[in-house]
Amino acid sequence: RRVFGINAGTEEAGDKVTIQRRDVGDGYSLSWLEAKLTTGGTYIIENFGGSNTDVTIEVSSIDIASVPGVAHVRVYANNHLSPVPTPPNITTVIPSPTPSTVSSPTPSTV
């Protein structure tokens, strides 16, 4: 196990691909940990963005020997490798370079 860089100090899901969920909106918001994936792990988001499209996230590999560590992840819709539709009103926010020091109001159960 190597928790390094952005994962430094991580107590949960270090060196894993994590899937988080948050409410729609702009700016900072609470988020919920949905899954912690290792190589071969998958997570399905049913009815992505309110559509009839199921989106699968699949971890092909995680290489923690390289610097920086690299995860190869496939994202596909309805069991086909194809572009995933962008749900309306979703904004991607670049994560901060340092971990948050604010405690979560409820612990994760995943």
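Residues numbered from 1 in each chain as written. Predicted model: local features only at pLDDT ≥ 70, side-chain atom pairs only at ≥ 80, totals over all residues. Heavy atoms only, no water.

*Asks:* Looking at this structure, how should I read unusual backbone geometry?
*Replies:* Where the residue is not glycine, phi is negative for most of them; where a peptide bond is considered, it is trans in most cases. In the Ramachandran plot, asparagine 47 falls in the positive-phi region, its phi being about 50 degrees despite a non-glycine side chain. Within the fold, asparagine 47 resides in the loop between β3 (42-45) and β4 (55-63). Assessed through its relative accessible area of 43%, asparagine 47 is described here as partly exposed. (Helix = DSSP H or I, 4+ residues; strand = E, 2+ residues; numbered from the N terminus. Buried < 20%, exposed > 50% of the residue type's maximum accessible area, 1.4 Å probe, protein only.)

*Asks:* Mind showing me how you'd approach the confidence of the model for the chain here?
*Replies:* Close reading of the predicted structure is inappropriate where its pLDDT is low. Looking at the chain, pLDDT values average 76 and 65% of them are 70 or higher. Ranking the elements of the chain by mean pLDDT puts strand β5 (residues 70-77) last with 88 and β3 first with 94. Across residues 88-94, where pLDDT falls below 50, the model places seven contacts with residues more than four positions away in sequence or in other chains. (pLDDT = per-residue confidence, 0-100. Contact = heavy atoms within 4.5 Å.)

*Asks:* Just checking my understanding: could you explain the sheet that holds β3 for this structure?
*Replies:* Strand pairing within a sheet occurs via backbone hydrogen bonds; the two strands may be parallel or antiparallel. Strand order in the open sheet made by the three strands is β3-β4-β5, with antiparallel pairing throughout. Of all strands in the sheet, those with a lone pairing partner are β3 and β5, marking the two edges. When strand polarity is set aside, the average angle formed by the axes of neighbouring strands in this sheet is 20 degrees. With four bridges joining them, β3 and β4 adopt antiparallel strand pairing. Within the sheet, the bridge partner assigned to isoleucine 45 lies in β4 and is valine 55. (Pairing = 2+ DSSP bridges. Axes fitted to C-alpha atoms, helices over the stretch in contact; angles between N-to-C directions.)

*Asks:* Just checking my understanding: could you explain the nonpolar core for this structure?
*Replies:* Nonpolar side chains in soluble globular proteins tend to end up buried together. Judged by nonpolar contacts, Val17, Ile19, Ala35, Leu37, Tyr43, Ile57 and Val59 together constitute the single largest core of seven residues. Breaking this core down by element, the ones donating at least two residues are β1 (17-22), β2 (31-37) and β4. Once residues within four sequence positions are removed from consideration, tyrosine 43 is found in contact with Ile19, Glu34, Ala35, Leu37, Val55, Thr56 and Ile57. (Core = buried A, V, L, I, M, F, W, Y, C linked by side-chain atoms within 4.5 Å.)

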